[in-house]
Amino acid sequence: VHRSGTASRRTLKALVVRPALLLPVLLLLGSCQGSIGNSLEEDSDIATPGGGPGPGGDPSQPADCTKTDTGPSVLRRLSKLEYRLTLQDLFHLPAPPEAAQVPEDGQQDGFHTIAALQNVSDGHLRAYLEVAETLGKELMADAPRRQAVLGCDAAQAACLKTFITTFGKLAYRRSLDDQEASALANKAVMVGRSNDDRFQFVVESLLTSPSFLFRVEIGDNAEVATLQPTELASRLSFTLWGRSPSADLIARAERGELDSAEGLGAAARQMVSDPKTQEFFQAFFKQWLNFAELRTPKKAPPRWSEALLPEMIHETELVLNEFAWTPGVPFTGALTTNHTYVTPALGAFYGMNVAGTGSVRTEFAAGHARQNTGLLTHASLISAKSDSDLIASRGKWIRSAFLCEKLDPPPGVLATIQADLAGLSYPEVIQKRNTQSPCAGCHARLDPIGVGFAQFDEAGYFDASVKISDYGLTPRFEGAADPELSSLADLAGKLSQAPELAECMAQKVFVYTQGRFPEGNDVCSVSAAGQRLVTDNYQFGSIVASLIESPAFRLRRVPQ
Amino acid sequence: MRTGVRLSRRTVLRGGAVAVALPFLEAMEEKRAAAAADTPKRFVALFIPNGTDPGQWNPTEGPLSAASLPPCLQDMAGFAVEREWPAMGAFFSDVTMVTKVNHETVSTYIHSPSMSLGAHHDGGTKLPSGPTLDQYLANHIAGTTPYRNLVFSNTKDTAAEQGFISFRDKNQPEDALRDPAKIFDTLFKNLSVPTADLDALRTRRQSVLDWIRDDAKRLQLRLGAVDKTRVDQHLQSVSELEKQIQATSPACTAPAVPAASSDQHTRFKQMIDLGVLALSCDLTRVLVLQYSNSWGLDFKPYNLPDGVADWSDHFISHKLGDRDRATDLDGLPSADAMAIANKRVINTSRFKVRRFGYLINAMKSVTTATGNLLDDSLVLYTSEIGDGDSHGRRDMPFMLAGHAGGFKTGRTVNTKDAPTGAFHCSIINYFGLQLAQYGNPAAGPIAGL
């Protein structure tokens with residue numbers, strides 16, 4: 001099984017609806033022989049990035065987008081971020097609790113939301129219990145907040161049951177039935193060592209149980225189930241805000257307001273414009289573009305210091321926020337913009353004089369190495385995240401992050417070519433891997449992009465003494481209509497116009513919000529969201545709005 | 001390090017009776033564990049990344065002797081104190097070298113710590129498609145210990161293939177404790193809580209766990225088979241937490257709180273010490289220790305020769321042959337450069353062997369009712385690759401110590417290209433199982449191991 005660009009495979013399946021893309025697709029498929037493959041792939045049901053169509057459809061058949069269907073999704077545990085954001089709401093806290101005890105979620109392809117990898121281990125449960133004990137205790141000790149969260153006076157006998165009903169509904173994202181609520185109340189009375197402690201016991205019990213920790217979606221019990229209204233409210237809220245639905249949203253769902261496409265769309269639009277969406281997508285950007293943690297370089301360049309790392313991250317956050325959420329501003333501008341936000345120290349690292357305090361909006365002067373390159377030259381993004389060869393890894397980053405191409409070395413290839421490369425100079429190695437099979441299939445797509453960045457070192461410092469011509473490779477963006485590259489600004493411009501970009505971004509948003517890699521008919525929702533992004537002049541919020549409006553958003557395919 | 005702890009599982013677990021009926025399968029395990037309770041067996045794995053130089057590491061088949069140790073193993077004849085690590089006498093007689101295991105039978109990618117305890121093909125996902133060795137063994141040897149297994153991982157890397165080396169099954173990464181202070185809090189903090197308070201806390205937490213069980217059972221009635229298994233995992237965790245909550249450990253006195261440190265070696269030594277203490281208190285019988293992810297290990301604080309301090313273990317492992325290598329040798333004549341690059345890998349490999357030595361010595365110095373902790377255990381040294389320079393995984397640097405099931409040490413076994421499944425099958429059978437074969441691809445035990 002050969003994989004080339006995921007987006008292009010998807011496009012191939014959706015050819016019926018996107019005939020215009022036929023030509024680039026075929027070029028892509030033919031160009032990266034041996035990109036990845038293994039004989040046991042069919043044995044695997046981990047949905048890897050760009051994984052097969054899965055049970056949602058026959059792998060050999062293109063998805064039939066006239067049919068409303070969806071790929072299978074396993075029962076999702078709250079991610080650590082979702083857990084923290086939900087607790088913030090439940091307890092009326094000014095910020096999400098740290099919950100440092102809770103283990104970090106593992107990630108695949110950069111995303112920490114992959115449901116298949118999420119479990120409730122004993123370590124998780126231990127942590128959830130400790131966090132609930134602490135939050136319950138703090139709540140009962142804070143009179144005004146207690147009043148607001150409980151909605152009644154704790155001293156009143158009826159308050160416990162009221163609390164179980166209202167708080168329980170928010171925690172479980174459904175109403176507790178009478179038997180459930182009574183059982184919990186009786187238990188709390190039996191176990192509680194004081195009146196306050198009864199409430200704390202309720203908090204601990206609810207916040208460690210599967211009905212809270214898992215996002216239960218049962219719907220109408222069909223194999224491809226249509227979600228119940230409150231389940232849909234939950235999915236909507238987690239998709240946009242990364243947290244449990246508010247009491248208001250649950251109430252709207254119960255009144256049937258989300259039943260129609262218009263009703264759901266209206267609720268979604270309202271929520272997209274709320275800062276909570278931006279907050280949740282801050283994490284998306286970090287996972288998508290891989291800048292949550294930066295490395296200390298092996299050799300620090302001039303004017304570099306450890307203190308710059310958070311400032312670099314902040315620079316990228318500010319640019320992304322501006323281009324993702326300013327109405328009327330296309331997101332593609334983030335790739336080509338000539339301004340950024342730097343502190344005086346980061347400005348100096350970039351070779352500029354920046355006055356002021358904090359991160360200051362700054363334009364690059366004509367002729368500056370970072371002129372008109374937007375995100376592509378942010379130190380947070382081009383600094384080395386691993387020990388990998390910088391030329392290849394930067395090319396790979398561009399192709400995998402923005403074009404959704406998956407380019408991994410074929411198993412065993414490195415061991416077999418090691419002898420061929422021994423003793424060669426770096427330019428000779430580059431020359432060889434760009435011309436010799438099986439390396440060239442991928443490297444000829446990666447290295448000519450990466451070499452354009454060669455003057456930026458592992459820390460993202462621009463070193464004019466490095467000559468791109470020394471690498472024996474001409475910068476080139478294979479696949480573009482005019483692949484010759486005159487500068488990084490040229491690459492930025494061409495990347496911002498790449499036809500694969502929109503659908504790729506839609507795919508990344510799908511993975512982040514739906515907690516799985518697209519399978520089967522998911523390609524239809526992803527493809528539609530990509531087209532919608534283009535139609536809407538790259539308004540970033542259009543992606544998630546389109547995913548929500550897709551009829552498949554109301555469905556869940558039960559995994560088999 | 002506390003030594004001389006006399007162990008009795010019954011005293012350790014006094015008051016540990018589980019009041020709530022366990023699901024059928026777990027009840028079966030309890031019974032089996034009870035039968036084996038008189039002779040507890042333990043499994044420990046130590047992962048250090050980037051393999052070695054097999055040519056400088058592999059002894060010839062047969063008995064090990066001080067005179068026959070290859071360059072990478074020469075510290076098995078004893079070594080001096082080294083910053084926080086104490087000196088040690090000869091330990092080659094405690095180790096069996098297992099050479100020429102072919103790990104490419106299961107691991108397709110060049111750097112997958114996630115596969116370092118796996119014998120089930122990764123299918124191109126970089127993750128094992130079945131349980132890792134420690135997890136498979138935990139099912140059989142954990143008994144009623146409070147912690148079915150423990151994983152201490154000295155990296156904050158959360159990539160599934162880098163920061164997770166233990167998997168309960170396909171798609172089930174086991175969480176690791178990544179901070180010595182947190183390990184201490186989890187395992188030993190309660191030892192300083194007054195007994196009456198602790199009893200109250202136990203009762204209270206037990207009631208919460210009962211509620212979780214009730215909720216899970218109600219929920220499962222509404223779920224399909226695959227979803228049910230995920231709630232089952234939650235229930236399994238309830239049972240495990242129950243044991244942890246109910247366990248009392250009178251045989252253990254709380255160790256000192258580990259001093260906060262950002263030095264990876266200091267932290268890892270704290271992890272080893274806390275892990276060995278957990279074994280000696282019978283808090284667990286299955287322990288996995290990960291020194292680093294593939295990229296994070298370096299030797300800066302040590303006075304190692306040939307410029308080892310200036311480069312990461314990963315860079316050094318690549319000698320001259322890859323781009324991510326130590327480039328300070330680039331200007332030298334190639335023979336000179338290669339000589340230094342080879343020496344560096346020998347130095348880093350020796351460092352790794354010394355850390356294995358520290359671990360087995362720490363276990364050896366804990367006496368038990370029947371001898372010492374090492375006698376009851378098998379300790380596996382593992383990595384994600386064999387030849388760090390080529391990323392080759394056909395010649396893995398596996399070492400085994402300990403005598404569980406009568407395992408014999410002080411020798412070298414050439415497995416002649418045996419798949420990892422065969423190697424793991426041999427290990428598993430020393431724990432009282434009689435598997436004809438193990439892994440995917442499955443293979444029978446290695447003759448002579």
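Residues numbered from 1 in each chain as written. Chains lettered and ligands numbered in written order. Predicted model: local features only at pLDDT ≥ 70, side-chain atom pairs only at ≥ 80, totals over all residues. Heavy atoms only, no water.

1. Describing the overall build of chain B
Part 1: Along its length, chain B carries eleven helices and twelve strands.
Part 2: Taking the principal axes of the C-alpha coordinates as reference, chain B spans close to 70 × 45 × 40 Å.
Part 3: Per-residue burial over chain B gives 64% buried out of 449 residues.
Part 4: Pairs at least 24 apart in sequence give 72% of the contacts found in chain B among residues at least 6 apart. (Helix = DSSP H or I, 4+ residues; strand = E, 2+ residues; numbered from the N terminus. Buried < 20%, exposed > 50% of the residue type's maximum accessible area, 1.4 Å probe, protein only. Contact = heavy atoms within 4.5 Å.)

2. Some details on the overall build of chain A
Part 1: From N to C terminus, chain A includes 25 helices and six strands.
Part 2: Residues counted as buried form 60% of the 560 residues belonging to chain A.
Part 3: Long-range pairs, those at least 24 residues apart, make up 70% of the contacts in chain A with a sequence separation of at least 6.
Part 4: Summing over all exposed atoms, chain A offers an accessible surface of approximately 20900 Å²; the carbon and sulfur share of this is 55%. (Areas by Shrake-Rupley, 256 points an atom, 1.4 Å probe, with all protein chains shown as cover.)

3. Overview of the nonpolar core
Part 1: In terms of nonpolar packing, the biggest core is built from 94 residues, with Phe285(A), Phe402(A) and Phe540(A) touching the most fellow members.
Part 2: Top contributing element to this core by residue count: helix α14 (residues 308-325) of chain A, with nine residues.
Part 3: The contact partners of Phe540(A), leaving out residues within four places of it in the chain, are Phe281(A), Phe284(A), Phe285(A), Ala324(A), Trp325(A), Phe331(A), Met505(A), Val509(A) and Leu533(A).
Part 4: Listed in part, the 64 residues of the second largest apolar core include Phe92(B), Ala278(B), Phe299(B) and Val345(B). (Core = buried A, V, L, I, M, F, W, Y, C linked by side-chain atoms within 4.5 Å.)

4. Details of the state of the cysteines
Residues and elements named next belong to chain A.
Part 1: One pass over the full model with this rule turns up three disulfides over all chains.
Part 2: Each sulfur of the disulfide joining Cys-65 and Cys-524 lies 2.0 Å from the other. Between Cys-65 and Cys-524 the disulfide shows an S-S torsion of about -85°. By sign, it is left-handed. One end of the pair, Cys-65, is in the loop between α2 (22-31) and β1 (76-77); the other, Cys-524, is in helix α24 (residues 522-535), with 459 residues separating them in the sequence.
Part 3: Note that Cys-152 is cross-linked by a disulfide to Cys-159, the S-S spacing being 2.0 Å. Looking down the S-S bond of the Cys-152 and Cys-159 bridge, the torsion is 80°, so its handedness is right-handed.
Part 4: Accessibility expressed as a relative area gives 15% for Cys-152, which makes it buried.
Part 5: Each bonded cysteine in chain A gets a number by its place in the sequence, and the pairs come out as 1-6, 2-3, 4-5.
Part 6: The structure places no disulfide on Cys-439, whose sulfur is separated from the nearest cysteine sulfur, that of Cys-442, by 9.1 Å.
Part 7: Since its relative accessible area comes to 11%, Cys-439 is described here as buried. (Disulfide = S-S within 2.5 Å.)

5. Describing empty space enclosed by the protein
All names here are of chain A.
Part 1: In total, this model carries eleven cavities of 30 Å³ or more according to the counting rule given.
Part 2: One number sums up the size of the second largest cavity: a volume of about 130 Å³.
Part 3: Contributing to the lining of the second largest cavity are Ser-73, Val-74, Leu-75, Arg-76, Arg-215, Glu-217, Arg-235, Gln-514, Arg-516, Leu-555 and Arg-556.
Part 4: In terms of residue class, the lining of the second largest cavity is made up of three nonpolar, two polar and six charged. (1 Å grid on protein atoms, 1.4 Å probe; cavity = no way out; pocket = protein on both sides within 12 Å on 5 of 7 lines; lining within 4 Å. Points joined across faces, edges and corners; volume = space filled by probe spheres on them. Nonpolar A, V, L, I, M, F, W, Y, C, P; charged D, E, K, R; others polar.)

6. Brief notes about the packing of aromatic side chains
Residue and element names in this part refer to chain A.
Part 1: Enumeration according to the criterion identifies 43 aromatic pairs over all chains in this entry.
Part 2: Relative to Phe-281, the ring of Phe-280 has its centre 5.8 Å away and its plane inclined at 80°; by these criteria the two rings are edge-to-face. For the pair shown, Phe-280 and Phe-281 are each scored as buried.
Part 3: Arranged with centres 5.5 Å apart and planes meeting at 25°, the rings of Phe-284 and Trp-288 form a pair that is stacked. Linking Phe-284 with Trp-288, this pair stays in helix α13 (residues 275-289), spanning four residues, or about one helical turn. In this structure, Phe-284 and Trp-288 share a single accessibility class: buried.
Part 4: Directly above the ring of Trp-241 sits Lys-276, whose terminal nitrogen or CZ lies 4.6 Å from the centroid. (Phe/Tyr/Trp six-rings, centres within 6.5 Å; stacked < 30°, edge-to-face > 60°. Lys NZ or Arg CZ within 6 Å of the ring centre and 35° of its normal.)

7. What to know about helix α4 (residues 122-140) of chain A
Part 1: Compared with an ideal rise of 1.5 Å per residue, which puts 19 residues at 27 Å, α4(A) spans 27 Å between its outermost C-alpha atoms and is within 8% of the ideal.
Part 2: The buried fraction of α4(A) is high, at 15 of 19 residues. (Expected span 1.5 Å × (residues − 1).)

8. Some thoughts on the interface of chain A and chain B
Part 1: Residue-level contacts link 73 residues of chain A with 64 residues of chain B.
Part 2: Summed over both sides, the interface of chain A with chain B buries roughly 6000 Å², with 57% coming from carbon and sulfur.
Part 3: Of the charged contacts in the structure, one is a salt bridge between Glu204(A) and Arg204(B), with a shortest N-O distance of 3.1 Å.
Part 4: Linking chain A to chain B there are 22 residue pairs in polar contact (both at pLDDT 80 or more).
Part 5: Of all elements in the fold, only α4, α7 (178-191), α8 (195-206), α9 (210-213) and α19 (413-421) of chain A reach the threshold of two or more residues within the side of chain A that touches chain B.
Part 6: Sorting elements by how many residues they give to the side of chain A that touches chain B places α4(A) first, with seven residues.
Part 7: Across the side of chain A that touches chain B, the residue classes tally to 29 nonpolar, 22 polar and 22 charged. (Buried area = accessible area lost by both parts, 1.4 Å probe. Salt bridge = Lys/Arg side-chain N within 4 Å of Asp/Glu carboxyl O. Polar contact = N/O pair within 3.5 Å; in protein donor to acceptor, adjacent residues only side chain to side chain.)

9. Side note on the sheet that holds strand β12 (residues 411-414) of chain B
Hydrogen bonds between backbone atoms are what pair the strands of a sheet, whose relative direction is either parallel or antiparallel.
Residues and elements named next belong to chain B.
Part 1: As summarised here, the arrangement of the eight strands in space is β2-β12-β3-β11-β10-β1-β7-β4, forming an open sheet in which the pairing is mixed. Each end of this open sheet is capped by a strand with a single partner; those strands are β2 (62-63) and β4 (150-153).
Part 2: Of the strand pairs in this sheet, strand β3 (residues 95-99) and strand β11 (residues 398-401) are connected by four bridges, and their pairing is antiparallel. When the sheet's bridge partners are listed, Val-98 is paired in β11 with Phe-398.
Part 3: In this fold helix α8 (residues 264-280) packs onto β1 (42-47), β4 and β7 (286-290), with an angle of close to 175° to the strand it touches most, β7. (Pairing = 2+ DSSP bridges. Axes fitted to C-alpha atoms, helices over the stretch in contact; angles between N-to-C directions.)

10. Re the environment of Ser280(B)
Residues and elements named next belong to chain B.
Part 1: Counting through the fold element by element, Ser-280 comes out in helix α8.
Part 2: Each C-alpha atom, one on Ser-280 and one on Ile-316, is 36 Å from the other, the two residues being 36 residues apart in sequence.
Part 3: Looking at Ser-280, its side chain comes within polar contact range of the main-chain oxygen of Leu-277, at 2.8 Å.

11. What to know about the side chain of Asp227(B)
Part 1: Turning to its location among the elements, Asp227(B) is positioned in helix α7 (residues 225-246).
Part 2: Relative accessible area serves as the criterion here: at 2%, Asp227(B) is assigned to the buried category.
Part 3: A distance of 3.3 Å separates the side chain of Asp227(B) from the backbone nitrogen of Leu75(A), its partner in a polar contact.
Part 4: Dropping the residues within four chain positions of it, Asp227(B) is found in contact with Val74(A), Leu75(A), Arg556(A) and Pro559(A).

12. Examining the packing of α4(A) against helix α5 (residues 143-150) of chain A
All names here are of chain A.
Part 1: At a minimum axis distance of 7 Å, the contact between α4 and α5 shows a crossing angle of 110°. Between α4 and α5, the angle falls in the class roughly perpendicular. Residue-level contacts link Glu-138, Leu-139 and Met-140 of α4 to Arg-145, Arg-146, Val-149 and Leu-150 of α5.
Part 2: Of the residues belonging to the contact of α4 with α5, the class tally is four nonpolar, no polar and three charged. (Parallel < 35°, antiparallel > 145°, perpendicular 65-115°, else oblique.)

13. What to know about unusual backbone geometry
Excluding glycine, a negative phi dihedral is what most residues carry, and trans is how most peptide bonds are arranged.
Part 1: Ser437(A) connects to Pro438(A) through a cis peptide bond whose omega is 0°.
Part 2: Following the sequence through the fold, Pro438(A) ends up in the loop between α20 (426-433) and α21 (440-450).
Part 3: The residue Asp306(B) is not glycine, and still its phi comes out positive at about 65°.
Part 4: The residue Asp306(B) is located in the loop between β7 and α9 (313-317) in this model.

14. What about the confidence of the model for chain B?
Low pLDDT means the predicted coordinates in that region are not meant to be read closely.
Residue and element names in this part refer to chain B.
Part 1: Per-residue pLDDT for chain B averages 89, and the proportion of residues at 70 or more is 90%.
Part 2: Note that pLDDT drops below 50 for residues 1-37; the model gives that stretch 66 contacts with residues more than four away or on any other chain.
Part 3: Among the scores for the predicted complex, ipTM is 0.85 and pTM is 0.87. (pLDDT = per-residue confidence, 0-100.)

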